[in-house]
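Architecture at a glance
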Amino acid sequence: MRSTRHSPIRILPLLGLLAALLLPFTITLAPPASAATAVTARTSAADPVRIMPLGDSITGSPGCWRAVLWNRLRSAGYTDIDFVGTLGPQGCGQAHDGDNEGHGGELVTNVADQNLLPARLTATLPDIVVMHFGTNDVWSSISPDRILAAYTKLVGQMRASNPDMKILVAQIIPMNPSTCSGCAQRVVDFNARIPAWAQATTTSRSPVTVVDQWTGFDTAADTYDGVHPNSAGDDKIAARWYPALSALLEPGSGDPGDPGDPGDGPCTAAFRVVNVWQGGYQGEVTVTNTSASAVSGWTATVVPAGGARLTQVWNGTSSTAADGTATVTNANWNGTLAPGARATFGFLADTSTTSGTPSATVTCTARGVAG
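Residues numbered from 1 in each chain as written. Predicted model: local features only at pLDDT ≥ 70, side-chain atom pairs only at ≥ 80, totals over all residues. Heavy atoms only, no water.

Here we look at the packing of helix H8 (residues 144-161) against helix H9 (residues 183-201)
Between two packed helices, both the angle of their axes relative to each other and the distance between the axes serve to describe the pair. Following both chains from N to C, one finds H8 and H9 inclined at 35°, their axes separated by 11 Å at the closest point. Seen along the crossing, H8 lies across H9 with a hand that is right-handed. Residue-level inspection shows Pro 144, Asp 145, Ile 147, Leu 148, Tyr 151, Thr 152, Val 155 and Arg 159 of H8 in contact with H9, the latter providing Phe 190, Arg 193, Ile 194, Trp 197 and Thr 201. Per-class residue counts for the contact of H8 with H9 are eight nonpolar, two polar and three charged. (Axes fitted to C-alpha atoms, helices over the stretch in contact; angles between N-to-C directions. Helix = DSSP H or I, 4+ residues; strand = E, 2+ residues; numbered from the N terminus. Left-handed = near helix turned anticlockwise from the far one by under 90°. Contact = heavy atoms within 4.5 Å. Nonpolar A, V, L, I, M, F, W, Y, C, P; charged D, E, K, R; others polar.)

Brief notes about the nonpolar core
Core analysis: the biggest nonpolar cluster contains 59 residues, and Leu 154 and Met 158 have the highest contact counts within it. With sequence-adjacent residues up to four places away left out, Met 158 is seen in contact with Leu 54, Leu 117, Leu 121, Val 129, Met 131, Met 165 and Ile 167. Residues Val 285, Leu 337, Ala 349 and Ala 360 belong to the second largest nonpolar core, which totals 24 residues. (Core = buried A, V, L, I, M, F, W, Y, C linked by side-chain atoms within 4.5 Å. Buried < 20%, exposed > 50% of the residue type's maximum accessible area, 1.4 Å probe, protein only.)

A closer look at the packing of helix H4 (residues 65-75) against helix H11 (residues 231-249)
It is at 9 Å that the axes of H4 and H11 come closest, and there the two elements cross at 45°. Between H4 and H11, the angle falls in the class oblique. Note on packing geometry: the crossing formed by H4 with H11 is right-handed. The residues of H11 that touch H4, namely those facing Trp 65, Val 68, Leu 69, Arg 72 and Leu 73, are Asp 234, Asp 235, Ile 237, Ala 238, Ala 239, Trp 241, Tyr 242, Leu 245 and Leu 249. Tallied by class, residues from the contact of H4 with H11 come to eleven nonpolar, no polar and three charged. (Parallel < 35°, antiparallel > 145°, perpendicular 65-115°, else oblique.)

A few points about the pairing of strand S1 (residues 49-55)
The element S1 is extensively covered by neighbouring structure, given that six of its seven residues are classed as buried. Where S1 lies against strand S2 (residues 81-83), three bridges are found, and the strand directions are parallel. Among the inter-strand pairings, Arg 50 is bridged to a residue of S2, identified as Asp 82. Sheet topology note: the S1/strand S4 (residues 128-132) ladder contains five bridges and is parallel. The partner of Gly 55 across the bridge, within S4, is His 132. (Pairing = 2+ DSSP bridges.)

Topic: the environment of Arg 205
Of note, Arg 205 is situated in the loop between H9 and strand S6 (208-212). Among the residues examined, Arg 205 registers a relative accessible area of 49% and is labelled partly exposed. Linking Arg 205 and Trp 333, residues 128 residues apart in sequence, is a C-alpha distance of 7.8 Å. Residues contacting Arg 205, with those up to four places away along its chain left out, are Pro 163, Asp 164, Met 165 and Lys 166.

Quick notes on the sheet that holds strand S7 (residues 267-277)
The pairing of strands in a sheet happens through backbone hydrogen bonds and is either parallel or antiparallel. Within the open sheet, the four strands sit side by side as S7-S8-S13-S10. Their pairing is antiparallel. Whereas interior strands pair on both sides, the edge strands pair on one side only; in this sheet they are S7 and strand S10 (309-314). Direction aside, neighbouring strands of the sheet carry axes that sit 25° apart on average. One ladder, built from five bridges, connects S10 with strand S13 (residues 342-350); its direction is antiparallel. The partner of Arg 309 across the bridge, within S13, is Asp 350. Contacting strand S8 (280-289), S10 and S13, H11 crosses the sheet at an angle of about 40° to S10.

Things to note about the confidence of the model for the protein chain
Considering every residue of the protein chain, the mean pLDDT works out to 82; 81% of them sit at 70 or more. Across residues 1-45, where pLDDT falls below 50, the model places 48 contacts with residues more than four positions away in sequence or in other chains. (pLDDT = per-residue confidence, 0-100.)

Observations regarding the environment of Thr 179
Relative to the helices and strands, Thr 179 is located in the loop between strand S5 (166-171) and H9. Remark: the alpha-carbon pair of Thr 179 and Trp 139, spanning 40 residues in sequence, is separated by 9.8 Å.

Thoughts on the packing of aromatic side chains
Applying the stated criterion across every chain, the model contains eight aromatic pairs. When the ring of Trp 65 is compared with that of Trp 241, the centres are 6.0 Å apart and the planes differ by 40°; the resulting orientation is tilted. A residue pair is termed long-range when its members are at least 10 positions apart, and Trp 65 in helix H4 and Trp 241 in helix H11 qualify at 176 residues. Comparing Trp 65 with Trp 241, the two get one shared label, buried. When the ring of Tyr 281 is compared with that of Phe 347, the centres are 6.0 Å apart and the planes differ by 75°; the resulting orientation is edge-to-face. Remark: Phe 347 occurs in strand S13 and Tyr 281 occurs in strand S8; sequence separation between them is 66 residues. Its relative accessible area of 0% is what places Phe 347 among the buried residues. Through a chain of ring-to-ring contacts, three or more aromatic side chains come together here, namely Tyr 151, Phe 190 and Trp 197. Sitting over the ring of Tyr 242, Arg 72 keeps its end group 4.1 Å from the ring centre. (Phe/Tyr/Trp six-rings, centres within 6.5 Å; stacked < 30°, edge-to-face > 60°. Lys NZ or Arg CZ within 6 Å of the ring centre and 35° of its normal.)

Okay, structure coming up:
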């Protein structure tokens, strides 16, 4: 649903105001058009969170994963949201907020080179950008360096529009069209570069979160042409966006589960299962500072049972050992914990078994204990 916000009218200098009061007619001042002023126009805490789906035809033509994602968010209670974009809905057969910024055929390098994004941001004022972009660039044999340079430029433009922009960036879905024999490997090569780029680009005020849309996506089963998702692919894409986006909409929310015994160390970790599906699940770990002093950082260890492996983590930085043990370190915005304070990170895990309830052993250590 599109809406336009107007900036507050500028205050006239005192003499100008007195002169204006003496005039027999009313002067109407047009609101300034700068993006920076537009950002300051966001004054109401009750305003919905404005989410821009950004990309190419996978996002917008018709991009039915947006409809699946919208309805899943609404069903989960996230009703104060607004999908925004200069393009409107393009079908999908289910009611949803179809506004988006998915332009069929666009290359992210062209959008950056031609400075197309700033006007779109000014028109829609997003708070969160959900970006799956670069498929056409990969198809066109544009190097990962050039694509990532375009990503960097777009992130800078997003932050110029809104310094507190939250950005979700996809490792793009696989591609294997009959007319491009090299595309499949080029997607793999490009996706491998995205996490390091994101780590170098993220900031505490405007975090960049990588969402793995590649793992577990099958071009034979999940697309109708080797490139564009079918209904099964739409469901998979929405399922991958959902946990990362819901974490931004309500960070640290949810039942953290039983904290367990405090233990002797300065922090404890508690695990809970959020959602389960065929071959995988979504988990959540809550780290609690149980010391009497503030800590400046924490590291959690997750040992998933049943041969499961973590494939995606948000609100933390992770590494996985050969045996599947994952080590998760705080993000740069959630490491400092006062006594008794908690931080929560979430993850997706793939598992070869579907029997029983997923479980994991979790522990944590704290860093920088004061006093």
